[in-house]
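# Descriptive structure summary
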Amino acid sequence: MLDELFRQAAAWREENPKEALRLYRQALELAQADACFTGVAHALRGAADCHVLLSQYEQGLALALQAKAAFEALGDRAGMGHCLVHVGAVRMYQADYAAAHACFGEALEIALDAQNTWLEALARNNLAWVFSTLGNFGFALEHYLKALELFRAVADPAFEAMVLCNLAAAHLELEDYDQALEFARRSLELRQQLRLRLGQADVHNLRGYIYYRQKRLGESIAELERAIALYDELGDRDYQCASWNTLGQAHLALGATRRALECFGRALELATLSESPSSLTDAWRCMAEAHLQAGDPLQALADLERALQLGDDNLSLRREVLETQSRVLEALGRFEEALQAHKALRRVELRLKDEQLQHQTLALSMRYKLEQERQRSAELAQVNAALEALNQEKTRLLEELRRQAELLERQSLEDPLTELANRRHLEGYLHQEFARVRRTGRPLTVAVADIDNFKSINDQLTHPVGDEVLRVVARLLQDGCRAGDTVGRYGGEEFVLVFPDTPLEEARHVCERLRQAVEGYPWHSIHPDLRVTLSFGLCDDTSGPSHEPMISHADALMLEAKREGKNRVKTPPGGSR
């Protein structure tokens, strides 16, 4: 039930924030009743967002701070980041740009730390909003473009369309109208695909204003009328009021004074209903321009007086009203009043310049901090890269040391010429096997094999031939033994074979097979005069104190085999012990 309420609220968020707010409140009650703290946090955040969309900033701020505390209690930093974005938005509408920048900056830090791409995109979009408001459009565009890239990466076309619209507005302020129209076109296409009617109305309104600035008045009127129709369907007064004002200005530029007055009149009605001082001030100012063009300066003065009585804090708008008032009074010959209006205008202009300087200073300070952070990040990235390189080098060296250790271990246990176990390895292995035999009583047979006439092979056929004989004999013994047997070079031309769990007779059969394999090998492929045979001696007597007597007995039997004519397998007299 709770998930469904959140889904429905999110669907209504853009086109009907009031309905979305109702659903979030319902979700909050349900989550509180079920003690679902995660649901409470999300419902508070959603409700805060809706209040901000409805221009109910104090309520939005209070709920956003509650939601942030709830997410903090849950340890949900991403949720805290989202709440900071809502708090920052309220600070923007309150013209507290430093506080807004701090909120959006903290949200960005959380997003980067949590690797939350969507939150990073939103935080960058809102940081761009701050810089755009402060007149630093270059830095604003940088953040907008990064936000656009990130929203595309997470496949969120609705927010992609939002950023495209923001980019269009920024390019409008830079008087880059062609680029502004291109971004607006792309935003409109996405919002039409997604059927976001309020978003479509915003783009039509923006395009209408861009065309108005370009003096393309017919296109401006068409776009503004589309925007007004959509706003009217959706019941949005604030933006519809702005559209009526721009539409009136377009008609006024065409000389259609009566139609312009109708548009400004409609803007006044909507501004009165929305209770927006800025909207009312702008509507009265536009009405005054229309009355001036209609040849009624007295009515224009009355309109301007009403605008000034509203006491709007928008200095740019107040300057325009005073400028028009001073001009009208001077034209009417009311010079003293014109002078007073001009003095008031100068005071507003000074305040406006001071405000602009403050904004520029604030923007530079923010940019400086961001550049410092960027530099620190770059330095940190360099340090991390250096550490990573050191770690990789350390890993490489450790791997090299491991390989060298393995090689040394293998070399310490392996005969380099034949690649068989060496004497040290054999001694260690026999020690373990002998101990096992003494514990278990299992049979163990050891054989000593020696190459017959090996000294003659070395002396008559050269040592390289002798080395090759050793290698081939080693391979034949290794390949001919069973899986559990062990073969090693004991020294010179002598080899030892260990047959665990093997009675003497069975071991004798294996050795006989090996003897035949060596005798039958095509030795002439190495040298035409080469003939190689082996003599074997076997021992299975495990009654001694260690394995060494077994080696000695097998060696003695091997020598006896040589005395009897070589190329044979000799076992103890009487067979097994």
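Conventions adopted
- Residues numbered from 1 in each chain as written.
- Predicted model: local features only at pLDDT ≥ 70, side-chain atom pairs only at ≥ 80, totals over all residues.
- Heavy atoms only, no water.
- Helix = DSSP H or I, 4+ residues; strand = E, 2+ residues; numbered from the N terminus.
- Rg over C-alpha atoms; globule rule 2.2 N^0.38 Å.
- Buried < 20%, exposed > 50% of the residue type's maximum accessible area, 1.4 Å probe, protein only.
- Contact = heavy atoms within 4.5 Å.
- Patch = residues over 30% accessible without salt bridge, like charges linked within 9 Å, V, L, I, M, F, W, Y side chains within 5 Å.
- Areas by Shrake-Rupley, 256 points an atom, 1.4 Å probe, with all protein chains shown as cover.
- Salt bridge = Lys/Arg side-chain N within 4 Å of Asp/Glu carboxyl O.
- Pairing = 2+ DSSP bridges.

A word on the overall build of the protein. Secondary structure summary: the protein contains 23 helices and five strands in total. For 577 residues, the compact-globule estimate of 2.2 N^0.38 gives 25 Å, and the C-alpha radius of gyration of the protein, at 47 Å, exceeds that figure by more than 25%. Seen through its C-alpha atoms, the protein measures out along the principal axes to roughly 145 × 60 × 40 Å. Expressed as a percentage of its 577 residues, the buried residues of the protein come to 46%. Within the protein, contacts between residues separated by at least 24 positions form 60% of all contacts whose residues are at least 6 apart in sequence.

This part is about a nonpolar patch on the surface. A grouping of Val383, Leu387 and Leu390 is seen on the molecular surface, where their side chains present a nonpolar patch of about 280 Å² in accessible area. Following the sequence through the fold, valine 383 ends up in helix α18 (residues 335–413). Judged by its relative accessible area of 44%, valine 383 falls in the partly exposed class.

This part covers the pairing of strand β1 (residues 444–451). With eight of eight residues buried, β1 lies mostly within the body of the structure. Taking every second residue as pointing to the same face, both faces of β1 are buried, with Leu444, Val446, Val448 and Asp450 on one and Thr445, Ala447, Ala449 and Ile451 on the other. Pairing between β1 and strand β3 (residues 494–500): seven bridges, direction antiparallel. Within the sheet, the bridge partner assigned to alanine 447 lies in β3 and is leucine 497. Pairing of β1 with strand β4 (residues 534–539), which is carried by six bridges, proceeds in the antiparallel orientation. Note on β4: the bridge partner recorded for aspartate 450 is serine 535.

That's the geometry; what it means functionally is another story.
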